[in-house]
Amino acid sequence: MYLPGGRRVDVREVADPEPGPGQVLVGMRASTICGSDLRAIYREHLGEGPEAYQDVIGGHEPCGQVVAVGPGVERTAVGDRVVVYHISGCGRCDECRRGYQISCTSPGRAAYGWQRDGGHADLLLAEERDLLALPDPLTFLDGACVACGFGTAYEALCRVALAGGERVLVTGLGPVGLAVGMLAAAMGSSWVVGTDPSPARRALARDLGAVDVAVESEDELADLLGDGAEVSVDCSGVGAGQLTALRHTRRHGRCAMVGEGGTLTVDVSAVLIHRQLTVHGSWVAPTWRMAELLERLARWDLHPERVVTDRFPLAEAGRAYEVADSGAGGKVAIDLTCTSRDRSPTVRRGGGEREEHG
């Protein structure tokens, strides 16, 4: 499935890839849609550098099961359940050695779904070094959600060193904002407050138990948080949301900027210096931290697939992107185990039945 731009999806028949040295062939089970796919590929091909789309099969949040291995593959076997870390780096630069393939400085860096074929297909050719084991308690949809969105949320919370009992403010309640809220609670936050202009997204966040309170306006935040939250995470990707996150972080607090895009104008003295804030730019988790997250999700019995509100088969990928582009729901998934669209139920924190997929 290709993304030619102009809000179009092109489903094509292509030859099955064959694994070469150090490569594996992964049978796709789930491949979720990211906001960056919409912003920089689906609507218009606006991306440059790491976001430059090279007319490849889309989908950078893949999860599946190994069906074949190439020569030299040593730690992966047919049948293994795996999450594909969505950037394949050179493996030699300082960033790659630290696990941050996202920041690989080599011209050979290639992201799945951007510069090399991604997960919106029956089969995905991956480098063995890009695979992370999917723990047995987690579903394939769980793994796809971790491959980018939940990994990004976890990295942000680790960067700000969230401590038990601290309050968290989340600006922007799309799929990554939902992930931040769910993970913050699991990591010991005493109170998670979210804000978003969309009534549907605020309602979904409350229904999922991703936040304790969801509000629309900055005035409401002032009443709720007083001098501010110890930790804030902006997932909105717009200047107004980013400024709201900063303004409502308490003195000596920490803020992580996660949402891509936006232009921020801020009174540096009044908002940052005099209030002594620590601000982190946070992109995607390194491989070691994503592996840590997968292990902890299994231990916490926390299933990221809860944020998936719509699932489509690969044949209906065009409709899947339309729904994702509407911005009205949670995560949208291309689920290669289903044959028709499914609206997944929402689950409240601390109760209710979880529907298994994959």
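Note that the coordinates shown come from a computational prediction; the quantities given were computed from them, not determined experimentally.

The next point concerns the overall build of the protein chain. Within the protein chain one finds ten helices and 18 strands. In terms of C-alpha radius of gyration, the protein chain reaches 20 Å, essentially the compact-globule figure of 21 Å for 358 residues. If you line up the protein chain on its principal axes, its C-alpha atoms span 60 × 45 × 40 Å. Put simply, the protein chain has 358 residues, and 57% of those count as buried. For the protein chain, the computed accessible surface area is about 14400 Å², with 47% contributed by carbon and sulfur atoms. Between the mean site of the 36 positive side-chain charges and the mean site of the 49 negative ones, the protein chain shows a separation of 4 Å.

Attention shifts here to the confidence of the model for the protein chain. For the protein chain, the mean per-residue pLDDT works out to 93, and 96% of the residues sit at or above 70. In this model, residues 346-358 is a region of pLDDT below 50 whose contacts with residues beyond four sequence positions or in other chains number 41 contacts.

Another point: the environment of glycine 119. Counting through the fold element by element, glycine 119 comes out in the loop between strand E7 (110-111) and strand E8 (123-127). On the basis of relative accessible area, glycine 119 is assigned to the buried category, the value being 0%. Along the primary structure glycine 119 and arginine 29 are separated by 90 residues, whereas in three dimensions their C-alpha atoms are 9.0 Å apart.

At a minimum axis distance of 8 Å, the contact between helix H3 (residues 140-159) and helix H4 (residues 175-186) shows a crossing angle of 55 degrees. Considered as vectors, H3 and H4 are oriented oblique to each other. Where H3 crosses over H4, the two elements pack in a sense that is right-handed. Seen from H3, the contacting residues are Gly149, Phe150, Ala153, Tyr154 and Leu157; seen from H4, they are Val176, Ala179, Val180, Met182, Leu183 and Ala184. Here the residues of the contact of H3 with H4 sort into ten nonpolar, one polar and no charged.

Before going further, it helps to spend a moment on the packing of aromatic side chains. Counted under the stated rule, the structure contains one aromatic pair. Centroid distance tyrosine 42 to tyrosine 321: 5.2 Å. Interplanar angle 40 degrees. Geometry classified as tilted. Residue tyrosine 42 is located in helix H1 (residues 35-42), and its partner tyrosine 321 is located in helix H10 (residues 317-326); the two are separated by 279 residues in the primary sequence. Judged by its relative accessible area of 0%, tyrosine 321 is buried. Across the ring face of phenylalanine 140, the terminal group of arginine 81 is positioned such that the distance to the ring centre comes to 4.8 Å.

Let's shift gears to the pairing of strand E10 (residues 167-171). The side chains of a regular strand alternate between the sheet's two faces. Counted residue by residue, E10 has five buried out of five residues, so it is predominantly covered. By the alternation rule, side chains of E10 split into Arg167, Leu169 and Thr171 and Val168 and Val170, which are all buried. Alignment of E10 against strand E11 (residues 191-195), held across five bridges, turns out to be parallel. The partner of threonine 171 across the bridge, within E11, is threonine 195.

What counts and how
- Residues numbered from 1 in each chain as written.
- Predicted model: local features only at pLDDT ≥ 70, side-chain atom pairs only at ≥ 80, totals over all residues.
- Heavy atoms only, no water.
- Helix = DSSP H or I, 4+ residues; strand = E, 2+ residues; numbered from the N terminus.
- Rg over C-alpha atoms; globule rule 2.2 N^0.38 Å.
- Buried < 20%, exposed > 50% of the residue type's maximum accessible area, 1.4 Å probe, protein only.
- Areas by Shrake-Rupley, 256 points an atom, 1.4 Å probe, with all protein chains shown as cover.
- Lys, Arg positive; Asp, Glu negative; His and termini not counted.
- Charge placed at Lys NZ, Arg CZ, Asp CG, Glu CD.
- pLDDT = per-residue confidence, 0-100.
- Contact = heavy atoms within 4.5 Å.
- Axes fitted to C-alpha atoms, helices over the stretch in contact; angles between N-to-C directions.
- Parallel < 35°, antiparallel > 145°, perpendicular 65-115°, else oblique.
- Left-handed = near helix turned anticlockwise from the far one by under 90°.
- Nonpolar A, V, L, I, M, F, W, Y, C, P; charged D, E, K, R; others polar.
- Phe/Tyr/Trp six-rings, centres within 6.5 Å; stacked < 30°, edge-to-face > 60°.
- Lys NZ or Arg CZ within 6 Å of the ring centre and 35° of its normal.
- Pairing = 2+ DSSP bridges.

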